[in-house]
Amino acid sequence: MSFKQSLTWRNMDLLYEASVASQIARYAAGLKYEHLPDDVVHHAKRSLLDGLGCAIGGYVAPGRPACETVAMALGGPPEATVFGSGLRTGIASATLVNCFMMRFLEFNDVGGGNHNEEAIPALMAVCEREGRSGKDFLTALVMSYEIGVRVVGSVPGASAGWDKHGWSTDARGGLNMPPAIGKLLGLNESQIAHALAICASRGVPLGILDADREENSMAKNLRFGFITREAITACLLAQQGFTGPLRVVEGDGGYRDGILHGDMDLQALVDFTGWRIRDTRFKRLCANGSTQGHLHATMDIVTANDLKPEDIASVRIRCGAREARHTTALAKKYPRNAETGDHSAYFANAFAIKYRNFGPDSCDPSHFTDPEIVDLIERITVQHDPELPARGRAGISEITTKDGRRFECKREAMVDILPDSELEAKFMDLALRHMNESRARAIIDVVWNIDKAPDFKDLTQLMSFAKQGTVQ
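Residues numbered from 1 in each chain as written. Predicted model: local features only at pLDDT ≥ 70, side-chain atom pairs only at ≥ 80, totals over all residues. Heavy atoms only, no water.

1. A closer look at the packing of helix 3 (residues 38-57) against helix 7 (residues 134-153)
Close contact between helix 3 and helix 7 brings their axes to 10 Å; oriented N to C, the two are set at 90°. What the angle tells us is that helix 3 and helix 7 run roughly perpendicular. Of the residues in helix 7, those in contact with Val40, Val41, Ala44, Lys45, Ser47 and Leu48 of helix 3 are Phe137, Leu138, Leu141, Val142 and Tyr145. Here the contact of helix 3 with helix 7 is composed, by residue class, of nine nonpolar, one polar and one charged. (Axes fitted to C-alpha atoms, helices over the stretch in contact; angles between N-to-C directions. Helix = DSSP H or I, 4+ residues; strand = E, 2+ residues; numbered from the N terminus. Parallel < 35°, antiparallel > 145°, perpendicular 65-115°, else oblique. Contact = heavy atoms within 4.5 Å. Nonpolar A, V, L, I, M, F, W, Y, C, P; charged D, E, K, R; others polar.)

Have a look at this one:
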């Protein structure tokens, strides 16, 4: 080998060792359960409980049977359990079905860069296959949150920055899921880096899956699910020595330049000081995050004043720029599926006026053609209020009644760090629709003690709650 050739190869190796992918892999390989503060572990358990509740509630999703049918058609060894049916299939197929259910209700947490509870299905499936413990799972879950929030936050404007370039923040999955999955599969640092490079180089979901002016579809519920499935494949390939472009973030045609046009702070991305999972918030309503404020305001008005649909003359909603843009297009004003309904400021407020909530029942298709709700939609206007934060969750509802009364209410951001008691109540409300109280409380108990579990057999058995059309 010539001196120039040797020097070139050495310089390339140094570039790869300093790459973002390698730095993330180094962090992942070095993170141990013993490094996690007690409150960080508890935050991870909280997201697990909330995510499982969302998945149970999502069992009613119209797209679930299609996902299960495809999972059965693809086959595979009985490595992991599909929630609800208890179907045993390959880890990639189980991940896809469970991710779909977990995302359906738009009830997921806000943390880890977006709704990072969707990391749970893949991590549980791999733990089940590998016989990993609850501590192993919690370490991987925390890792996915810590990396995910840094990926999204490395772009100026965070979520707004990704939107500007036409990409979903779920693109973080290519960077935060391979390290977490690879850790559970026992990959070494180099293998984790290559798994990340393989997955990230091909897993960037388009913004059209949740765009401002488009009707949403079932595919929206698999924005992150598809990436997590591909992350499993990438990890298995890397385990066999398969390689990827290690400069996938900063290299020519990589994340920074190829999809974000240079808008990426690489130093922020690899700054792993602190624990960002502590900032995770949870929803009280099954609606788009920026809808929560004005929706709570509407509920407050109609509840406090005992208003009925027939009392309403008009409703004026004032909100931030993102909400006014994202939930008011004609394609969303009159939703015909749950994926669009939970992103419609019109439908959400009409439903809230009639039922004084916006929970899991709002996804029932009968509501989309309910004459009373459609009539209320016609009485609602939604306006951008420049005094409200552009991407904030604060909102104002102003309701005028037919007898001339006028009520106004402003509610601030309504996605909060809920206390454990409220998270348990939210879980129970979702779970009791599909199982008895004993089973639901058993799941809660297993989750709070998951760090003591040697494997996931108890939890996956409890999550197999539907047998031959019956609910247990």
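2. Regarding the side chain of Arg103
Inspection of the secondary structure assignment puts Arg103 in helix 5 (residues 91-104). For Arg103, a relative accessible area of 1% gives the class buried. Ignoring any residue separated from it by four or fewer positions in sequence, one finds Arg103 in contact with Asn108, His115, Glu118, Lys220, Asn221 and Arg223. (Buried < 20%, exposed > 50% of the residue type's maximum accessible area, 1.4 Å probe, protein only.)

3. Quick notes on the packing of aromatic side chains
Scanning all chains against the criterion turns up eight aromatic pairs. Arranged with centres 4.0 Å apart and planes meeting at 5°, the rings of Tyr27 and Phe272 form a pair that is stacked. Here Tyr27 is found in helix 2 (residues 20-30), whereas its partner Phe272 is found in the loop between helix 13 (266-269) and strand 3 (282-283), with 245 residues between them in sequence. When its relative accessible area of 15% is taken as the criterion, Tyr27 is described as buried. Considering the side-chain rings of Phe347 and Phe368, the 5.2 Å spacing of their centres and the 55° angle between planes classify their relative orientation as tilted. Note that Phe347 is positioned in helix 18 (residues 345-355) and Phe368 in the loop between helix 18 and helix 19 (371-378), a separation of 21 residues in sequence. (Phe/Tyr/Trp six-rings, centres within 6.5 Å; stacked < 30°, edge-to-face > 60°.)

4. What to know about the nonpolar core
With 114 residues, the main nonpolar core has Leu52, Leu123, Phe137, Trp162, Ile181, Phe427 and Ile443 as its most contacted residues. If we ignore the near neighbours within four places in the chain, the residues touching Phe137 are Leu48, Ile120, Leu123, Met124, Cys127, Leu184 and Phe456. Ala345, Tyr346, Phe347 and Val382 belong to the second-largest nonpolar core, a separate cluster that totals 31 residues. (Core = buried A, V, L, I, M, F, W, Y, C linked by side-chain atoms within 4.5 Å.)

5. Quick look at the sheet that holds strand 5 (residues 380-384)
Strand-to-strand pairing in sheets goes through backbone hydrogen bonds, with the strands running parallel or antiparallel. If you trace the four strands from one edge of the open sheet to the other, you get 5-4-6-7, paired in mixed fashion. Edge strands, defined here as strands with exactly one partner in the open sheet, are strand 5 and strand 7 (406-411). On average, each strand axis in the sheet is inclined to that of its neighbour by 15°, with strand direction left out of account. Taken together, the seven bridges between strand 4 (residues 312-319) and strand 6 (residues 395-401) define a ladder with antiparallel strand orientation. If you follow Val315 over to strand 6, its bridge partner there is Ile399. (Pairing = 2+ DSSP bridges.)

6. Some details on the environment of Arg26
As for its placement among the helices and strands, Arg26 is situated in helix 2. By relative accessible area, which is 38% here, Arg26 ends up partly exposed. Spatially, the C-alpha atom of Arg26 lies 9.2 Å from that of Asn188, the residues being 162 residues apart in sequence. Among all residues touching Arg26, those that are not within four sequence positions of it are Glu17 and Glu189.

7. A look at helix 14 (residues 292-304)
Taking 1.5 Å of rise per residue, the 13 residues of helix 14 would be expected to cover 18 Å, and the 18 Å separating its terminal C-alpha atoms lies within 8% of that figure. Counting buried positions along helix 14 gives ten out of 13 residues, so the element sits mostly inside the fold. Considered for burial, the residues of helix 14 that qualify are Gln292, Gly293, His294, Leu295, His296, Ala297, Thr298, Met299, Ile301 and Val302. Asp306, located one to two residues past helix 14, shows a positive phi value of around 50°. (Expected span 1.5 Å × (residues − 1).)

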